[in-house]
Amino acid sequence: MKKVYIIVLWTLLSCIIVNMHAVTPKSSTLEDWTNFLKKNGYYLYSFDISEFSDTTRTIILKVREYENDSLVRDDILPPFGFNTRLMLDEIPEDARNDMKDMENPDKGIVRTLKQTNIGLTYHAQDSIAIVTYDMVGHGILSPQLSLRPIATQVGDKKQYLYAARPFAATDSISTDKFVPLVLLSSFWIDNNGIIRSCGEHEIKSLDSDIIKNSPHSYIIGFNVDTRK
């Protein structure tokens, strides 16, 4: 009987201990979701590009390919552009009555391009990355980029290890030049045999050490041209 009491007492104490260290559910935060998606190969970056809409320009989507810090391709995407604003006088007269909620009726502006979202999807066992240009309210383009395996593999599977980082904001951007938005760069193996992709969280310039150290990378952005 004494043994039975000891077992019952131990069971009760165990319940109390478990209750003292209970795990309670909580809502996942936006940061939790962001980290989870990044670890599973999903990235999304948003950029304010409204400053280009002060006049009518064309934003031409562009992806540059690099080997270390050497540019090897500048024509990955065919010329594809979005106008920074749509003017009422560009619309046929018989269709103008359908124009409602114009952004600036006094200046004849129907709508302007204010934001672009750059999405990236890729996985360590996949040799293809998908880039999504979302020119918010104006259209979407989703080209594919070929990835290269790092010089190591797990079992019989090649590893395509890449990291994405946004470019930092610039004080002023000239037209007719390339505007870098996102860097997608492969990992590399250092002199100690360590696989790494270390460096700044935001890329400050095209002279970044990450671009120099990475054997293969893409810079995703656009050109801005004044429309004739």
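Refer to the structure above for everything that follows.
Rules used in this analysis
Residues numbered from 1 in each chain as written. Predicted model: local features only at pLDDT ≥ 70, side-chain atom pairs only at ≥ 80, totals over all residues. Heavy atoms only, no water. Helix = DSSP H or I, 4+ residues; strand = E, 2+ residues; numbered from the N terminus. Buried < 20%, exposed > 50% of the residue type's maximum accessible area, 1.4 Å probe, protein only. Contact = heavy atoms within 4.5 Å. Areas by Shrake-Rupley, 256 points an atom, 1.4 Å probe, with all protein chains shown as cover. Phe/Tyr/Trp six-rings, centres within 6.5 Å; stacked < 30°, edge-to-face > 60°. Patch = residues over 30% accessible without salt bridge, like charges linked within 9 Å, V, L, I, M, F, W, Y side chains within 5 Å. Salt bridge = Lys/Arg side-chain N within 4 Å of Asp/Glu carboxyl O. Core = buried A, V, L, I, M, F, W, Y, C linked by side-chain atoms within 4.5 Å. Pairing = 2+ DSSP bridges. Polar contact = N/O pair within 3.5 Å; in protein donor to acceptor, adjacent residues only side chain to side chain.

1. A short note on the overall build of the chain
Along its length, the chain carries three helices and 17 strands. Within the chain, the fraction of its 228 residues that count as buried is 34%. Across the chain, every contact between residues at least 6 apart in sequence was considered, and the portion connecting residues at least 24 apart equals 63%. As displayed, the chain offers around 14700 Å² of accessible surface, 53% of which is attributable to carbon and sulfur atoms.

2. Notes on the packing of aromatic side chains
Under the defined criterion, the tally for this structure stands at five aromatic pairs. Geometrically, the ring pair formed by F80 and F82 is edge-to-face, given 5.5 Å between the ring centres and 65 degrees between the ring planes. A network of ring pairs unites the aromatic residues Y43, Y45 and Y122 as a single cluster.

3. Thoughts on a nonpolar patch on the surface
A contiguous nonpolar patch, built from W33, F36, L37 and Y42 and spanning about 420 Å² of accessible area, is present on the exposed surface. Looking at the nonpolar patch, the element that brings in the most residues is helix α2 (residues 30-39), giving three residues.

4. Observations regarding the environment of M87
Relative to the helices and strands, M87 is located in strand β5 (residues 85-87). Beyond its immediate sequence surroundings of up to four residues, M87 is in contact with T56, K107, G108, I109 and V110.

5. Quick look at the pattern of salt bridges
Considering all chains together, one arrives at seven salt bridges under this definition. Between K62 and D74 there is a salt bridge whose closest N-O contact spans 3.7 Å. Pair noted here: K62 is in strand β2 (residues 57-67) and D74 is in the loop between β3 (70-73) and β4 (81-83), with a separation of 12 residues, a long-range link. Residue classification places K62 among the buried positions, given a relative accessible area of 17%. R73 is the salt-bridge partner of D75, the closest N and O atoms lying 3.2 Å from each other. Overall, D75 belongs to the exposed group, its relative accessible area being 52%. Taken together, the shared-partner salt bridges connect K62, R64 and D74 into one network.

6. A word on the nonpolar core
Grouped together as the largest cluster of nonpolar side chains are 32 residues, with contacts concentrated most on I59 and L184. Here I59 is in contact with I49, F52, F80, G81, F82, T84, L113, M135, F222, N223 and V224, once residues within four sequence places are set aside. One finds F178, W188, I210 and I219 within the second-largest nonpolar core, a separate group that totals nine residues.

7. Focus on the pairing of β2
Counting buried residues in β2 gives nine out of 11 residues, a clear majority hidden from the surface. The pairing of β2 with β4 spans three bridges and is antiparallel. Bridge assignment links I59 to a residue of β4, and that residue is F82.

8. Some words on unusual backbone geometry
Generally, phi is negative for residues other than glycine and the peptide bonds are trans, each holding for most cases. If you check the backbone angles, N68 has positive phi at about 55 degrees while not being a glycine. Relative to the helices and strands, N68 resides in the loop between β2 and β3.

9. Some points on the side chain of T84
With respect to the helices and strands, T84 occurs in the loop between β4 and β5. With near-sequence residues (within four places) excluded, T84 lies in contact with F52, S53, T55, T56, R57, I59, R111, T112 and L113.

10. Brief notes about the side chain of S214
When you line up the elements, S214 lands in the loop between α3 (209-213) and β17 (217-226). A polar side-chain atom of S214 sits 2.9 Å from the main-chain carbonyl oxygen of S186. S214 has contacts with E67, N68, S185, S186 and W188, leaving out every residue within four places of it along the chain.

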